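Overview (structure and organization)
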Amino acid sequence: MSEQIALWFLFFAYTAVFVILFLVVGRLHSRASRLEKEVEHLEAAVSEEEKKKA
Amino acid sequence: MRYSQTLSNLRWILFAVFVVALLWSFVVSPDDAILKSSQRIFYIHFGSAIACFIAFAIGWAAAIAYLVKRNLGWDRLSAAGAEVGLVFATCVLVSGSIWARVAWNTWWTWDPRLVTTAVLWFLYVAYFVLRAFFAEDRRRQAVAGALFSLFAFLDVPVVFFSVNWWTSIHPKVITESGINISSPAMVTAMMLFLVAMILLAADLMWLRWRQHTLADRLEAARAELRSY
């Protein structure tokens, strides 16, 4: 019986670790996407400044 | 847009594989006769080990590509491979240590497989120390990282073949005659976790490559602004 409980405990521990991992990785990807847009804006602003100087 | 769609698809496939792997290993796969349910640590351990080798191999190949082409894109891939490989190497050491406590009644023993894996872990920690040392000069950082990566990767085949070259108590899962596990359900669980770990490594490498690319683009824009 205790073996069965240990197995379920292990299953939920594994599941919790992987769910947390997916959430963290997903969040990091969405942050990278947001940053990509911000860097694009910055690059556009820099090239515009360059054109003005020229 | 095309990349983000591919990435999103990859993540859903990864999620599905993990769900199937977890259910299979806990519902279908039987307990080990001696180690009982704790034997399931092995699925994570094996998958992490192979994912670690693949990530380091990609990092090593990208390091060669950088030294030939001198394109920083390859250096970013090389760094991403080393980072993800190091994360999985840590998983291998931790899961292996827990498994060893149950199977061998010790957290650590000076077995060739364990020692060579620990050496591999320290080599890649040194790789990041070296990269941090040259952080001021991006080109020098890339060259030093690539050269060190060529050297550090030499330990990967040593880890893999250590159980054949020296006397070891570490189980030999992959032998010349195939996979050394009698239960087909256990082999399936092992393979499912292997696929899941490789997909996870690919996703993490993609993430780190994106972040390195962003850092380089940001630095280039800042340098441009400073020149005004």
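This text gives an overview of the structure that appears in the document. Keep in mind that this is a model prediction, so the values were computed, not measured.

What counts and how
- Residues numbered from 1 in each chain as written.
- Chains lettered and ligands numbered in written order.
- Predicted model: local features only at pLDDT ≥ 70, side-chain atom pairs only at ≥ 80, totals over all residues.
- Heavy atoms only, no water.
- Helix = DSSP H or I, 4+ residues; strand = E, 2+ residues; numbered from the N terminus.
- Rg over C-alpha atoms; globule rule 2.2 N^0.38 Å.
- Areas by Shrake-Rupley, 256 points an atom, 1.4 Å probe, with all protein chains shown as cover.
- Lys, Arg positive; Asp, Glu negative; His and termini not counted.
- Charge placed at Lys NZ, Arg CZ, Asp CG, Glu CD.
- Axes fitted to C-alpha atoms, helices over the stretch in contact; angles between N-to-C directions.
- Parallel < 35°, antiparallel > 145°, perpendicular 65-115°, else oblique.
- Left-handed = near helix turned anticlockwise from the far one by under 90°.
- Contact = heavy atoms within 4.5 Å.
- Nonpolar A, V, L, I, M, F, W, Y, C, P; charged D, E, K, R; others polar.
- Salt bridge = Lys/Arg side-chain N within 4 Å of Asp/Glu carboxyl O.
- Buried < 20%, exposed > 50% of the residue type's maximum accessible area, 1.4 Å probe, protein only.
- Arc of directions from axis to C-beta.
- Core = buried A, V, L, I, M, F, W, Y, C linked by side-chain atoms within 4.5 Å.
- Phe/Tyr/Trp six-rings, centres within 6.5 Å; stacked < 30°, edge-to-face > 60°.
- Lys NZ or Arg CZ within 6 Å of the ring centre and 35° of its normal.

**A few points about the overall build of chain A**
For chain A, the count of helices and strands is one helix and zero strands. Taken over C-alpha atoms, the radius of gyration comes to 23 Å for chain A, far larger than the 10 Å a tight globule of 54 residues would show. Counting only C-alpha atoms, chain A reaches 80 × 10 × 5 Å along its principal axes. Roughly 4200 Å² of accessible area belongs to chain A as shown, and the carbon and sulfur atoms make up 66% of that amount. Of the side chains in chain A, 7 bear a positive and 8 a negative charge, and the two mean positions are spaced by 5 Å.

**Quick look at the packing of helix α3 (residues 72–103) of chain B against helix α5 (residues 138–152) of chain B**
Helix-helix packing: each pair is described by the crossing angle between the helix axes and the interaxial distance. Residue and element names in this part refer to chain B. Across the interface, α3 lies against α5 with an axial gap of 10 Å and an inter-helix angle of 50 degrees. The orientation of α3 with respect to α5, classified from their angle, is oblique. Here α3 runs over α5; the crossing is left-handed. Across the interface between the two elements, L72, D75, R76 and S78 of α3 pack against R138, R139, A142 and S149 of α5. Across the contact of α3 with α5, the residue classes break down as two nonpolar, two polar and four charged.

**So, the pattern of salt bridges**
All names here are of chain B. A full pass over the atoms with the stated rule returns nine salt bridges over all chains. Of the charged contacts in the structure, one is a salt bridge between R76 and D216, with a shortest N-O distance of 2.6 Å. Taken as a pair, R76 in helix α3 and D216 in helix α7 (residues 184–226) lie far apart in primary sequence, 140 residues in all. A relative accessible area of 14% means that R76 is categorised as buried. The shortest N-O distance in the salt bridge between R208 and E83 comes to 2.6 Å. Separated by 125 residues along the polypeptide, R208 in helix α7 and E83 in helix α3 bring together distant segments of the chain. Residues joined in a network through salt bridges with shared partners are D75, R76, R131, R138 and D216.

**A word on the side chain of B:S48**
With respect to the helices and strands, B:S48 occurs in helix α2 (residues 41–69). If we ignore the near neighbours within four places in the chain, the residues touching B:S48 are B:F88, B:C91, B:V92 and B:M197.

**What to know about helix α6 (residues 155–165) of chain B**
All names here are of chain B. Turning to α6, its buried residues number three or more, namely D155, V156, V159, S162 and V163. In an axial view of α6, the angular spread of the buried residues amounts to 135 degrees, which keeps them on one side of the axis. Taken together, the buried residues of α6 touch α2, α4 (112–133) and α5.

**Side note on the nonpolar core**
Core analysis: the biggest nonpolar cluster contains 54 residues, and B:F18, B:F88, B:Y124 and B:F193 have the highest contact counts within it. Broken down by secondary-structure element, the contributors of at least two residues to this core are α1 (2–53) of chain A together with α1 (2–28), α2, α3, α4, α6 and α7 of chain B. For this core, the element with the highest residue contribution is α7(B), accounting for 13 residues. In this structure, B:F193 is in contact with A:Y14, A:F18, B:F18, B:A21, B:L22, B:S25, B:Y43, B:I44 and B:G47, ignoring residues within four places of it in sequence.

**Quick word on the packing of aromatic side chains**
Residues and elements named next belong to chain B. As enumerated under the stated definition, the model contains 27 aromatic pairs over all chains in all. Aromatic pair W12 and F15: ring centres 6.0 Å apart, planes at 85 degrees, arrangement edge-to-face. Residue W12 and its partner F15 are located together in helix α1, separated by three residues, close to a single helical turn. Overall, the relative accessible area of 60% leaves W12 in the exposed class. Residue F15 is classed as partly exposed on the basis of its relative accessible area of 35%. An angle of 85 degrees between the planes, with centres 5.2 Å apart, marks the rings of F160 and F161 as edge-to-face. Residue classification places F160 among the partly exposed positions, given a relative accessible area of 32%. Since its relative accessible area comes to 34%, F161 is described here as partly exposed. Lying across the ring of F26, R40 places its NZ or CZ 5.4 Å from the centre.

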